[in-house]
Each structure stands twice: as structure tokens, then as C-alpha cells.
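If you want the building blocks of each chain, they are given just below.
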Amino acid sequence: MRIAVVGAGGVGGGFGAALAKAGADVTFIARGAHLAAMKSQGLKIQGGRGETHIVPTEATDNPAEVGAVDIVPLGRVQRISGARLHASWVNLPHVTQFDEADVTELEQLRKALKATADTAGIKLTTLAFIVRACVKALQQFPLFNTSLDASGENLVYKKYIHIGFAADTPNGLLVPVIRDADRKDIYEIARALGELSGKARSGKLTGAEMQGGSFTISSLGGIGGTAFTPIINAPEVAILGVSRASMKPVYRDDAFVPRMILPLSLSYDHRVIDGANGARFTSCLAKIIADPHTLTEAVP
Ligand code: CAO
């Protein structure tokens, strides 16, 4: 049996080298210094320089030989976003912090304000409140609104807050950006969400409307699920995943009470943000969300 090891450095490389020295047939998919290190140890190298894909080592990699298949080319958006997602996944050390926010009062408030918003042509969704809450949390934790510069040695603190949000469209995943979200009240945010997601779905979003984000939210709350691990929209350093809120029994004052609970999944770049700050950020966000009246105040 042939064994493939991706990258010839680190734990995988060490493990692969030990197997190779014990006589196993190991394929190293290596690059740069790792490749040279393997060669210097006299190990047989297969696989190309710069490859980062795991290659199947058994002959089951052609499904057309197994049974009938359809081959469908990836769409343009999938090809572009796929390359970006892959680069982020491979290059950024991701950690995902899970948390929960009590949205019982937020949902009551939203329902109370919804009719008035509707008459103004604004769809006041849960996501609008979450965007506003993220702005407030980012103002308290500016580290989450940074990026690493090209040298990788300096942090760029952005004085603007441009919030991107993932939109599911017939053409694939798009991320429109609400510019200057910190200068918008809840209604302006809701209006921007509606306009930008409408444009995204009808294919009318411009390139400029997808650029310059400093923090991203991916909400699957309208669809379902309890948690997920979103991929950071590099060069940003954090992304908030939001799943579907549901009624849960919460133990309070010696009794279980029904509360609407919203699951939060924050992925962050561990080169920039450590675990303690990740947990502090989601705790802060959950507190802000649980006290929604501050979210509907006018923006100074
Ligand atoms: N829990 C419970 N209900 C939620 C919710 C949540 N977390 N989030 C939204 N809802 C509700 C909304 O409030 C709305 O309720 P009403 O009809 O009573 O007002 C309903 O679900 C539908 O909301 P929506 O999806 O139309 O609007 P939205 O503002 O919540 O989301 C958008 C807009 C563009 C983010 C969403 O339509 C979308 O595309 N989501 C998919 C994002 C995605 O694909 N992420 C994955 C990226 S990685 O592959």
C-alpha cells in the first residue's frame, strides 16, 4: 500500500519520514524547504513542488470507471470564490469559538417594530440586529476589525467598519459589503441588507459593492442548522457564523424558562487573535444581543 503525506514538515512529515525509514512506500506532497529537507534525508520524493492537494493513492479516483456520471463545470462565481476559500483555509490557522445569545427580547422588539418598518419598505430581519450588534462589539474589540499587512508583521487597524454578509444566490455565494455600517442605524442597515441581497440575487451587484469589507457575517439562520465553522474572508481576521434561533429551556432563578436562543460560531485567525479574546468577543456580542433596545437607538 502506498501512503500519501501532505507537506513534508510538521507532524505529518515526521510521521511520514518514520514510515518511509521503516520501509513503507510514502509519497510526500511537499514544497520549498520541506522538499529539500526530505531529499537531504535520502527519502524518495514523489509529487510536485507547490502542490497542496491530497491525492488518492488507490485507483478509485475516476468515478466514471465505477458507474455512470454527469460532469458539470463549476460556475464562474464558484471558481472565483472556491480559490479564495481554499487559500484562506490553507493559509490561515482557523479556530471557531461557539457561543449562544438569548434573542427572546430581540425577537419581541423586532416583531413590535416590524409593521412600521414594513410601511417604510424595510424588511427588519434578525440579521439587521446582528449586524448592528457586531458593529458595537467591533468598536469594543478593534482587533477583530484588522488585517495583517503584506509583510505579515504588522496589524492594520481599520477606522471604518464595513460589514460583508454572505448571500446565497442562484449563481453561488456572494459577499456584498455594507459600507460604514457603524454610521447606520438599524433601519438603514436593514435597508442596505435588503437592497444588496436583492442585487446579489438578480446578478446586479457591482465589484465595488463586494470590496473593502473589514468583518463578515454568514447567516444560515433563515435556513437552519445549529452551528458551523465559517471560513475567514481573508485578509479579514474573523467571521461570524449565525445559525437558526430556537426555543430552549434555560435554567434561571431555580426554574427552567423557555428562551429563544441564537447559536453563534465565530472563526478567527489564530495568528492575530488568541482564544481568550475569541471567547471575550462572543461573550460581549451575546450580551449586546440580549439587550436589544440599545441596538435601535439613533447612531450618534
Ligand atoms: N434564527 C431564526 N430566524 C432567522 C434567523 C435566525 N438566526 N435569521 C433570519 N431569520 C428569519 C428572518 O428574521 C426572517 O423572518 P421573517 O420572515 O419573520 O422576517 C426569515 O428568517 C428569512 O430571513 P432571510 O433569510 O430572508 O433574511 P436575512 O436578513 O436573515 O438573511 C441573507 C439575508 C442574504 C443573509 C440570506 O437570505 C442568505 O442568503 N443566507 C445564506 C447565507 C449563506 O449562504 N451562508 C453560507 C456561506 S458559506 O457557504
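Residues numbered from 1 in each chain as written. Predicted model: local features only at pLDDT ≥ 70, side-chain atom pairs only at ≥ 80, totals over all residues.

K.L.:
Tell me about the site of the ligand, and please be specific about residues and values.
P.N.:
Taken together, 19 residues surround the ligand, and among them Thr-125, Leu-127, Gly-221, Gly-222 and Ala-245 come closest. For the shell around the ligand, the elements supplying multiple residues, two or more each, are α5 (126–140), β7 (167–169), α6 (186–201) and β10 (215–219). Residue classes in the shell around the ligand are distributed as ten nonpolar, seven polar and two charged. (Near = placed C-beta within 6 Å. Helix = DSSP H or I, 4+ residues; strand = E, 2+ residues; numbered from the N terminus. Nonpolar A, V, L, I, M, F, W, Y, C, P; charged D, E, K, R; others polar.)

K.L.:
Which residues make up the nonpolar core, and what values do they have?
P.N.:
The nonpolar side chains of soluble globular proteins are, as a tendency, buried together. In terms of nonpolar packing, the biggest core is built from 54 residues, with Val-131, Ala-133, Cys-134, Ile-163, Ile-189, Ala-238 and Leu-285 touching the most fellow members. Of all elements in the fold, only α5, β6 (163–165), β9 (177–178), α6, β10, β11 (238–242), β13 (255–269) and α7 (275–290) reach the threshold of two or more residues within this core. At nine residues, the largest contribution of residues to this core is made by α5. Once residues lying within four places of it in the same chain are set aside, the contact partners of Leu-285 are Ala-101, Ala-133, Cys-134, Ala-137 and Leu-264. (Core = buried A, V, L, I, M, F, W, Y, C linked by C-beta atoms within 7 Å. Buried ≥ 20, exposed ≤ 12 C-beta atoms within 10 Å, placed from the backbone. Contact = placed C-beta atoms within 7 Å.)

K.L.:
Mind laying out the environment of Cys-284, listing which residues take part and the relevant values?
P.N.:
Among the secondary structure elements, Cys-284 is positioned in helix α7. A count of 17 C-beta atoms within 10 Å places Cys-284 in the partly exposed class. For the pair Cys-284 and Phe-141, spaced 143 residues apart in sequence, the C-alpha to C-alpha distance is 9.2 Å.

K.L.:
Explain the environment of Ala-200 residue by residue, including any values.
P.N.:
Along the chain, the position of Ala-200 falls in helix α6. The exposure class assigned to Ala-200 is buried, which follows from the 23 C-beta atoms found within 10 Å. Sequence separation between Ala-200 and Leu-174 is 26 residues; the distance between their C-alpha atoms is 6.8 Å.

K.L.:
Can you explain the pairing of strand β12 (residues 246–252)? Please cite residues and give values.
P.N.:
Within β12, only zero of the seven residues are buried, which leaves the element largely exposed. Where β12 lies against β13, seven bridges are found, and the strand directions are antiparallel. Residue pairing across strands places Ser-246 opposite Ile-261, the latter belonging to β13. Between β12 and β13, which pair antiparallel in sequence order, lie two residues; one of them, Asp-253, sits at a positive phi of approximately 45°. (Pairing = 2+ DSSP bridges.)

K.L.:
So what's going on with the packing of α5 against α6? Residues and values would help.
P.N.:
With their axes 9 Å apart at the nearest point, α5 and α6 run at an angle of 120° to one another. By the criterion of interaxial angle, the relationship of α5 to α6 is oblique. For the element pair α5 and α6, the recorded crossing hand is right-handed. Side by side, α5 and α6 meet where Leu-127, Ala-128, Phe-129, Val-131 and Arg-132 of the first sit next to Ile-186, Ile-189, Ala-190 and Leu-193 of the second. Counted by class, the contact of α5 with α6 contains eight nonpolar, no polar and one charged residues. (Axes fitted to C-alpha atoms, helices over the stretch in contact; angles between N-to-C directions. Parallel < 35°, antiparallel > 145°, perpendicular 65-115°, else oblique. Left-handed = near helix turned anticlockwise from the far one by under 90°.)

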